[in-house]
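Per-entry structural report
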Amino acid sequence: DEDDDHHVTFADLPWIDAKFTNKQHSQVEEENAKRFAKLGVNVISEEHMDWTEASTYKYHTDFGGGGGTTWSGVQAKLALPGVLFHHETAAYDWFHEDLRPWV
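Residues numbered from 1 in each chain as written. Predicted model: local features only at pLDDT ≥ 70, side-chain atom pairs only at ≥ 80, totals over all residues. Heavy atoms only, no water.

Here we look at the confidence of the model for the protein chain
- Per-residue pLDDT for the protein chain averages 75, and the proportion of residues at 70 or more is 77%.
- Ranking the helices and strands of the protein chain by mean pLDDT puts helix H2 (residues 51-54) first, with 86, and helix H1 (residues 27-38) last, with 79. (pLDDT = per-residue confidence, 0-100. Helix = DSSP H or I, 4+ residues; strand = E, 2+ residues; numbered from the N terminus.)

Here you go:
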């Protein structure tokens, strides 16, 4: 049966299918990538992903760095279709002190 030739089981899939697409990787990112590689997952891509390509994915992540994530970067990701998982960080942006809930 032709359909049986294309059957993929859960065991055939990687435990995570994700990539960090930043072209410049810090030493910490490189060390973290090595940890993932030991688990059989390559999480760093040297290829840049533009917004058009990013819009084809269901899930997006936003990890704040040492200085937090720029608001313009978050807004751009919020405009994409799909779900944005936004990592909360202890770092604050310049406007955080001015934010007021439900105003």
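So, the pattern of salt bridges
- This model, assessed by the stated rule, comprises one salt bridge.
- Glu31 serves as the salt-bridge partner of Lys34, at 3.5 Å between the closest nitrogen and oxygen. Of this pair, Lys34 and Glu31 both sit in helix H1, three residues apart, roughly one helical turn.
- Residue classification places Lys34 among the partly exposed residues on the basis of a relative accessible area of 48%.
- Since its relative accessible area comes to 38%, Glu31 is described here as partly exposed. (Salt bridge = Lys/Arg side-chain N within 4 Å of Asp/Glu carboxyl O. Buried < 20%, exposed > 50% of the residue type's maximum accessible area, 1.4 Å probe, protein only.)

Description of a negative patch on the surface
- A cluster of like negative charges, contributed by Glu29, Glu30, Glu46, Glu47, Asp50 and Glu53, occupies part of the molecular surface.
- Inspection of the secondary structure assignment puts Glu30 in helix H1.
- With relative accessibility at 34%, the residue Glu30 sits in the partly exposed group. (Patch = residues over 30% accessible without salt bridge, like charges linked within 9 Å, V, L, I, M, F, W, Y side chains within 5 Å. Areas by Shrake-Rupley, 256 points an atom, 1.4 Å probe, with all protein chains shown as cover. Lys, Arg positive; Asp, Glu negative; His and termini not counted. Charge placed at Lys NZ, Arg CZ, Asp CG, Glu CD.)

Points about the packing of aromatic side chains
- Within the structure shown, the criterion is met by one aromatic pair.
- Aromatic side chains Tyr59 and Phe85 sit 6.0 Å apart centroid to centroid with 35 degrees between the ring planes, which places their arrangement in the tilted category. Placement of the pair is Tyr59 in strand E1 (residues 59-62) and Phe85 in strand E2 (residues 83-86), with a sequence separation of 26 residues.
- For Tyr59, a relative accessible area of 56% puts it in the exposed group. (Phe/Tyr/Trp six-rings, centres within 6.5 Å; stacked < 30°, edge-to-face > 60°.)

Here's the deal with H1
- In a regular helix each residue adds 1.5 Å, so twelve residues correspond to 16 Å; H1 covers 17 Å between its end C-alpha atoms and thus fits that length.
- Just past H1, the residue Gly40 takes up positive phi, approximately 90 degrees. (Expected span 1.5 Å × (residues − 1).)

Overview of the side chain of His60
- As for its position among the elements, His60 is in strand E1.
- On the accessibility criterion, His60 (9% relative accessible area) is buried.
- Of note is the side chain of His60, whose polar atom sits 3.3 Å from the backbone oxygen of Tyr57. (Polar contact = N/O pair within 3.5 Å; in protein donor to acceptor, adjacent residues only side chain to side chain.)

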